[in-house]
Amino acid sequence: MKSWVVSRYVDCREVLRDNDLFARDRRRVGAELPEFLQNIQTLDPPAQTPLKAVLTGALRAQNLDEAGARARGQISALLRELSARDEFDWITDVAAPVALTITSELFGVKQPDLGWYVKLSDVIARRMDSGLLPERAVAGDHARKSLGALVDSWYEDDPKPGVFSTIRETASQLDVPPHYVHNTTGVMFNASYGTLFATVSNVALALIRHPEALESLRGADRELLDTATDELIRFEGPAQGTSRVATRRTVLRGTVVEPGQIVLALMASANRDPDQFDRPDELVLDRQPNKHLSFGWGAHGCLGVAFGRIAVRELVLCLTQSPPLELAGTPVRRATATVRSLDSLPVAFRR
Ligand code: HEM
């Protein structure tokens with residue numbers, strides 16, 4: 001991958017924290033960035049700062065607890081419906097529809113066609129591996145443009161109150177290039193769908209493999225549910241790593257990194273670093289503190305942390321209120337390096 005790889009917790013956190021030295025925006029080292037790829041994730045401060053303020057403000061303007069309660073209602077209704085079946089696929093029957101419904105409702109936009117969006121988002125996720133498999137870039141760029149067309153369709157609709165209408169309102173008063181806001185809106189929608197899809201998949205499998213954890217969460221109080229949710233996100237987060245580019249010559253753990261060289265921070269590895277986490281390979285449901293890197297860190301850290309935690313907590317709560325899930329076949333991991341998720345997870349409720 002022609003990259004330096006850091007895997008220790010302190011090193012990953014430092015690379016993500018020091019945006020002056022480790023840039024996201026490759027134009028800072030002379031590379032090109034086409035207009036359709038300019039968004040909150042690819043721009044660094046100061047260009048990124050107003051976009052971050054708009055998105056943060058749009059999320060703060062929502063009643064996230066109400067959104068969480070709605071998510072709980074939807075998940076429990078779906079699980080009740082599925083309990084009539086002998087077996088089902090957690091990925092197509094639960095993770096994808098739940099992630100898309102929750103995200104569309106949060107945004108206040110018409111839900112895109114499920115089959116179409118699942119494929120689109122998968123191609124975007126695969127594009128994240130283009131450092132490893134360059135052939136994935138072309139299809140990924142095409143998918144990004146389709147995501148842009150989806151955002152255009154929201155501008156033509158009359159949106160319900162939600163993240164999208166708040167972004168549209170506040171961004172119109174900002175002095176930033178309109179394509180920054182347009183691209184960022186799509187990126188945020190997909191960041192929510194993609195991470196929730198993967199987390200809902202990974203967490204379910206983790207709880208199937210650790211039935212004792214699910215048992216000890218039945219009837220748990222809110223505090224334990226909260227720490228357990230965060231621990232599941234540490235243990236089985238959706239983002240394995242993220243890359244930055246060195247803007248100056250620097251020395252990292254005795255290794256010289258030249259300007260323009262890529263540094264890959266493996267958050268999933270950092271999350272299992274024994275120097276940071278006691279018993280790193282165990283699910284410790286009441287782990288505190290738990291400063292994991294599953295939501296990233298620094299200038300590009302996740303903006304949806306609060307809602308992400310709520311949505312995953314509601315899923316865990318619904319699972320504690322259902323009969324235990326068990327495997328009805330062999331889970332198949334998705335062949336992606338950056339995103340950790342599953343292609344299929346055949347399950348059944350134990351009767
Ligand atoms: C459990 C759920 C989630 C997890 C584990 C997660 C994880 C992450 C990670 C690791 C990053 C940083 C990637 C990097 O540095 O390359 C990130 C960024 C981001 N996330 Fe999340 N996310 C979650 C949910 C959400 C939700 C629900 C939203 C929106 C409602 C969201 C919006 C974003 C945005 C906009 C960014 C880009 C921030 C930037 O580059 O400045 N995320 N997320």
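Criteria and thresholds
- Residues numbered from 1 in each chain as written.
- Predicted model: local features only at pLDDT ≥ 70, side-chain atom pairs only at ≥ 80, totals over all residues.
- Heavy atoms only, no water.
- Helix = DSSP H or I, 4+ residues; strand = E, 2+ residues; numbered from the N terminus.
- Expected span 1.5 Å × (residues − 1).
- Buried < 20%, exposed > 50% of the residue type's maximum accessible area, 1.4 Å probe, protein only.
- Arc of directions from axis to C-beta.
- Contact = heavy atoms within 4.5 Å.
- Donors = N, O, S within 2.8 Å, 3.2 Å for Na, K, Ca; no water.
- Pairing = 2+ DSSP bridges.
- Near = heavy atom within 4 Å.
- Polar contact = N/O pair within 3.5 Å; in protein donor to acceptor, adjacent residues only side chain to side chain.
- Nonpolar A, V, L, I, M, F, W, Y, C, P; charged D, E, K, R; others polar.
- Salt bridge = Lys/Arg side-chain N within 4 Å of Asp/Glu carboxyl O.

Looking at helix H2 (residues 49–60)
Under the 1.5 Å per step criterion, the end-to-end length of H2 is 16 Å for 12 residues, consistent within 8% with the ideal 16 Å. Turning to H2, its buried residues are Leu51, Val54, Leu55, Ala58 and Leu59. Along the long axis of H2, the arc covered by the buried residues comes to 130°, so they all point the same way. Turned more than 90 degrees from where H2 packs its buried face, Ala53 and Arg60 sit exposed.

So, the environment of Pro159
Looking at the secondary structure, you find Pro159 in the loop between helix H6 (136–156) and helix H7 (163–171). In the structure, Pro159 is positioned 51 residues away from Gly108 in sequence and 6.0 Å away in space, judged by C-alpha atoms. Look past the residues within four positions of Pro159 in its chain and what remains in contact with it is Gly108, Phe164, Ser165 and Arg168.

Describing the coordination of the iron atom of the ligand
Within the protein, a single donor atom binds the iron atom of the ligand, namely Cys302 (SG) at 2.3 Å. With respect to the element layout, Cys302 can be found in the loop between helix H11 (267–270) and helix H12 (305–320).

Re the sheet that holds strand S7 (residues 262–265)
The sheet built from four strands is open, its strands ordered S1-S7-S4-S2 with mixed pairing. Since the sheet does not close on itself, it has two edges, and those belong to strand S1 (3–6) and strand S2 (22–23), each with one partner. Where S1 and S7 come together, four bridges link them in parallel fashion. Paired with Trp4 across the bridge in S7 is Val263.

Overview of the site of the ligand
Taken together, 26 residues sit near the ligand, with Arg24, Gln48, Thr242, His300 and Cys302 positioned nearest. Taking Arg24, its side chain carries an N or O atom lying 2.9 Å from an oxygen atom of the ligand. In the environment of the ligand, an oxygen atom lies 3.0 Å from a nitrogen or oxygen atom belonging to the side chain of Arg244. Among the elements of the structure, helix H8 (178–209), strand S4 (242–246) and H12 are those that each provide at least two residues to the shell around the ligand. In terms of residue count, the dominant contributor to the shell around the ligand is H8 (four residues). Partitioned by chemical class, the residues of the shell around the ligand number 12 nonpolar, 12 polar and two charged.

As for the side chain of Ser341
By secondary structure assignment, the location of Ser341 is in the loop between strand S9 (332–333) and strand S10 (342–344). Of the residues examined, Ser341 reaches a relative accessible area of 3% and is grouped as buried. Contacts of Ser341, omitting those with residues within four sequence positions, involve Phe197, Ala198, Asn202, Arg333 and Arg334.

As for the pattern of salt bridges
All chains considered together, the criterion is met by 27 salt bridges. For the salt bridge of Arg218 with Glu215, the shortest nitrogen-to-oxygen distance reads 3.0 Å. Glu215 gets classed as partly exposed once you look at its relative accessible area, which sits at 44%. A salt bridge links Arg313 to Glu314; the nearest nitrogen and oxygen atoms lie 3.1 Å apart. The exposure class of Arg313 is buried, given its relative accessible area of 9%. Salt bridges linked by common partners bring Arg72, Arg222, Asp226, Arg313 and Glu314 together as one network.

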